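If you want the building blocks of each chain, they are given just below.
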Amino acid sequence: MSIALPKLPYAENALEPVIDAQTMGLHHGKHHNTYVTKYNEAVQGTALEGKPLREVLEKVGDAPEKIRTAVRNNGGGAFNHDLFWQWMAPKGQTGTPSAELAKAIDEAFGSMDKFKEAFAAKATGQFGSGWAWLCVKGGKLEVCSTANQDNPIMGGIGAAAGCGGEPILGLDVWEHAYYLNYQNKRPDYIKAWWDVVNWNKVSELYANAK
Ligand code: MN
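Small disclaimer: the values here were computed from a predicted structure and weren't measured.

1. Brief notes about the pattern of salt bridges
The full count for this structure, using the stated rule, is 7 salt bridges. With a shortest N-O distance of 2.8 Å, Glu58 and Arg54 are connected by a salt bridge. Of this pair, Glu58 and Arg54 are both found in helix α2 (residues 53–58), 4 residues apart, which corresponds to roughly one turn of the helix. Among the ionic pairs, Lys210 bridges to Glu100, the shortest N-O distance being 3.4 Å. Of this pair, Lys210 sits in the segment after α9 (199–209) while Glu100 sits in helix α4 (residues 99–109), and the two are 110 residues apart along the sequence. Each member of the salt-bridge network shares a partner with another, and the members are Arg54, Glu58 and Glu166.

Dropping the structure here:
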């Protein structure tokens, strides 16, 4: 069985004005769809075909050398975007961090504002395309960033970037995620993005991961 493009959990214009409908439509319908298609093409007829995507990515270093880069980039892209849509919600439906998540954020970073600063520093500081992450590692919260479509769960690769553990929140800082609306102003996109962070989902993932 091949992997499929998931439906967006809301309308393309549901995150406006933070993320415009055109960006959302292209990002989901073109970029994400291409990762899905190319991943399926790469694994077709190999031992990886039909395996759960997460399992493949956790052992991406073991993928056959001929398709390893394609699996890493396109499988990572499919996995990351699947989560990214769930990490956002329309205004009014985002909820707030659970009491236990709020406590863990305070313990790890000092306050919610300091956490946002630390996360934004990773997102701004990621040179070129990549992602910023909030992870649960060894029971504690950490922020980090990876290049391209790499993910902290990728065996060896996330760790190489100083990332590991279970990502419970991630921000796409590829230009395709923000350029139509924010042009070169990545910090403005990062700042605005907090308004659509789905804390209900982040809290659920934290409860599962800790
Ligand atoms: Mn993207």
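2. Brief notes about the coordination of the manganese ion
Under ideal tetrahedral coordination, the four donors around a metal are separated by 109.5 degrees; under ideal octahedral coordination, the six donors are separated by 90 or 180 degrees. On the protein side, the manganese ion has His27 (NE2), His81 (NE2), Asp172 (OD) and His176 (NE2) as donor atoms, found 1.9 to 2.1 Å from it. If you list the donors of the manganese ion from N- to C-terminus, the spacing comes out as H-x53-H-x90-D-x3-H. Pair noted here: His27 is in helix α1 (residues 21–43) and Asp172 is in strand β3 (residues 166–172), with a separation of 145 residues, a long-range link. Like His27, the residue Asp172 is buried in the burial classification.

3. Some details on the packing of aromatic side chains
Counted according to the given criterion, the structure contains 12 aromatic pairs. Plain terms: the ring middles of Phe109 and Phe115 are 5.2 Å apart, the flat faces sit at 50° to each other, and that makes the pair tilted. An identical accessibility class is assigned to Phe109 and Phe115; each is buried. With centroids separated by 5.6 Å and ring planes inclined at 75°, the aromatic side chains of Phe115 and Trp194 adopt a geometry described as edge-to-face. Placement of Phe115 in helix α5 (residues 112–125) and of Trp194 in the loop between α8 (186–193) and α9 is noted, with a sequence separation of 79 residues between them. Each member of the pair, Phe115 as well as Trp194, is classed as buried.

4. A closer look at the environment of Tyr179
Tracing the chain through its elements places Tyr179 in helix α7 (residues 179–182). C-alpha of Tyr179 to C-alpha of Thr23: the two residues are 156 residues apart in sequence and 8.2 Å apart in space.

5. Overview of the state of the cysteines
As enumerated under the stated definition, the model contains 1 disulfide in all. Cys135 carries a free sulfur, and the closest cysteine sulfur to it, the one in Cys144, is 4.2 Å from it. Residue class for Cys135 comes out buried when judged on its relative accessible area of 1%.

Scoring rules and cut-offs
- The written sequence of each chain sets the order in which its residues are numbered from 1.
- Per-residue local features are limited, in this predicted model, to residues with pLDDT of at least 70; the limit for side-chain atom pairs, both in listing and counting, is 80 or more; totals at the level of whole chains, interfaces and linings are taken over all residues.
- Here the side-chain values reflect all heavy atoms present in the structure, with hydrogen atoms and water set aside.
- Throughout this description, the term salt bridge denotes a Lys or Arg side-chain nitrogen within 4 Å of a carboxyl oxygen of Asp or Glu.
- Helix and strand assignments follow DSSP, with helices taken as H or I runs no shorter than four residues and strands as E runs no shorter than two, numbered in order from the N terminus.
- For Na, K and Ca the donor cut-off is 3.2 Å; for every other metal, N, O and S atoms count as donors within 2.8 Å. Water does not enter the count, which can leave sites looking incomplete.
- Each residue is placed in one exposure class: buried if its accessible area under a 1.4 Å probe, protein chains only, is under 20% of its type's maximum, exposed if it is over 50%, and partly exposed if it falls in between.
- Only centres within 6.5 Å qualify two rings of Phe, Tyr or Trp (six-membered ring in Trp) as a pair; their planes then separate them into stacked at under 30 degrees, edge-to-face at over 60, and tilted for everything else.
- Disulfide: a pair of cysteine sulfur atoms within 2.5 Å of each other.

The values are spatial; any link to function lies outside them.
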